[in-house]
Amino acid sequence: LAQSLLALFASSLAISLVFAIIPLCHNVVVLAVVMAVAGLAMGCIDTISNMQLVKIYQKDSAIFLQALHFFVGFGALLSPLIADPFLSDTNCILANGTANASSNLPHIRKSLVPHHPGNLSHYDLPMKGMVVTRVSYAFWIMALINLPVPIAVFFLLYKERMVPCFNGSSHPLLSADELALETRPGDKDELSTAGQRPRAAAGHEDLFSCCQSKNFQGVSFTYFAVHITGALVLFMTDGIVGEYSGFVYSYAVEEPLAVVHKVAGYLPSLFWGFITLGRLISIPVSYRMKPATMVFINVVGVLLTFLLLLLFSSSVLFLFVGTASLGLFLSSAFPSMLAYTEDILQYKGCATTVLVTGAGIGEMVLQLLVGSIIHDRGSYSFLVCGMIFGCLAFTFYALLVFFHRMYPKPCPELDEASPDKAAVPEDTGQYQR
């Protein structure tokens, strides 16, 4: 827990520093290094926050994961709105060709959708001259907005007496949480020593314990199959999120739809808006519905939406309806898959790292792949690729369900020397009431 909180503190503080430094970067190599640091920090936060929620809340983690990813979508929707007032309505560089080039600015602004720039190669803007832009303020505002996060994490470290220089007499926060991994001091006398040790170990094991080879000795092949198929499902679903939000604008403005640029610019915002709405709806729904059922609805919904988008590919109205529907179905795929996979593997936390990594790789690779295919084959291939990815996501989900059926069920009577015991931690379900 201490290692995770320290990593969260360092990563969240690094993001504020990076956003403050970005406007000061006047060299593309320096900017690339700074952005790489930001990506590394965000990856740490993504992995650790998911992993700790799974470990702390176990069978109740589905609700908390949905809440966590609601704020991920809310941030993705909110940050472009913060930046928009500071984007120039005229060219950012004053030169001889400014008057002619300024007409391209509205199109470029609409191409710069959340996270994923569109195809800007056909726009011609001057690259030399006096720079007149206020976009730096947007980065500095985001740095200030993020600053309370590392402060809050440091406060938690202080209250938990995990800061070496500040071991005060304050009472720990997590001891009051009935679902937390820490055991209350007053309960220690009431619990047996044998039952207490696994609980304490579960909360304070090494951050990299999942990578130790001793944990893999004697486990069945289904243990690895569940990890791989779960990661592949998220590889596809998160890849669809990346490629759809990145290229739906380019698809809409091309033939046969030929949507005007201003209208097409609303599509990525609509997509992210319904992702956020879907994650908000999923918080109460996940309390009543099993994660496996929610993932099934996600992948089937994505598949049917792409099928209808292909059938009504000439309808602008259905493109907007399909975009909203796709955002709604993709919204809870990530947290539901985490909850489902960790439920199979008894909340050890190792699967979370594999799944988060698979999702990140998918978002990176599929965008690059779809961009290359659209460049070679035309805009219609955008929907074809989405349909193929949806079919693959459903196939990998079916395989995951198959391996789930084959995976050995935990049994209280299992002997300590059982081969599958390594895959099932001793503290299974111990924090449930």
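These lines cover the structure that appears in this document, whether it is placed above or below.

What counts and how
Residues numbered from 1 in each chain as written. Predicted model: local features only at pLDDT ≥ 70, side-chain atom pairs only at ≥ 80, totals over all residues. Heavy atoms only, no water. Helix = DSSP H or I, 4+ residues; strand = E, 2+ residues; numbered from the N terminus. Polar contact = N/O pair within 3.5 Å; in protein donor to acceptor, adjacent residues only side chain to side chain. Contact = heavy atoms within 4.5 Å. Buried < 20%, exposed > 50% of the residue type's maximum accessible area, 1.4 Å probe, protein only. Axes fitted to C-alpha atoms, helices over the stretch in contact; angles between N-to-C directions. Left-handed = near helix turned anticlockwise from the far one by under 90°. Nonpolar A, V, L, I, M, F, W, Y, C, P; charged D, E, K, R; others polar. Parallel < 35°, antiparallel > 145°, perpendicular 65-115°, else oblique.

1. With respect to the side chain of Asn 146
And then number 1: Structurally, the position occupied by Asn 146 is in helix 6 (residues 135–146).
And then number 2: In terms of polar contacts, Asn 146 uses its side chain to reach the side chain of Ser 16, at 2.8 Å.
And then number 3: Here Asn 146 is in contact with Ser 12, Ile 15 and Ser 16, once residues within four sequence places are set aside.

2. Digging into unusual backbone geometry
And then number 1: Residue Pro 256 is bonded to the preceding Glu 255 through a cis peptide linkage, with omega at 10°.
And then number 2: If you trace the backbone, Pro 256 turns up in the loop between helix 9 (221–253) and helix 10 (261–264).
And then number 3: One non-glycine residue, Gln 58, adopts positive backbone phi at about 50°.
And then number 4: The topology assignment puts Gln 58 in the loop between helix 2 (28–57) and helix 3 (61–83).
And then number 5: Classification of Gln 58 by relative accessible area gives buried; the value is 2%.
And then number 6: You will see that Ala 258, though not glycine, has its phi angle at about 50°, which is positive.
And then number 7: Within the secondary structure, Ala 258 sits in the loop between helix 9 and helix 10.
And then number 8: Owing to a relative accessible area of 39%, Ala 258 belongs among the partly exposed residues under this scheme.

3. Let's talk about the packing of helix 14 (residues 333–344) against helix 15 (residues 350–377)
Two quantities define a packed helix pair, namely the angle between the axes and the distance from one axis to the other.
And then number 1: Taken N-terminus to C-terminus, the directions of helix 14 and helix 15 make an angle of 145°; their axes are 9 Å apart at the nearest point. The crossing of helix 14 and helix 15 is right-handed. Where helix 14 abuts helix 15, its residues Phe 334, Met 337, Leu 338, Thr 341 and Glu 342 lie against Cys 350, Ala 351, Thr 352, Leu 355, Val 356 and Ala 359.
And then number 2: For the contact of helix 14 with helix 15, the per-class residue count stands at 8 nonpolar, 2 polar and 1 charged.

4. Comments concerning the packing of helix 6 against helix 7 (residues 148–159)
And then number 1: Taken N-terminus to C-terminus, the directions of helix 6 and helix 7 make an angle of 20°; their axes are 5 Å apart at the nearest point. Judged on the interaxial angle alone, helix 7 and helix 6 are roughly parallel. For the pair formed by helix 6 and helix 7, the contact residues are Leu 144, Ile 145 and Asn 146 on the first element and Pro 148, Val 149 and Pro 150 on the second.
And then number 2: Looking at the contact of helix 6 with helix 7, its residues break down into 5 nonpolar, 1 polar and no charged.

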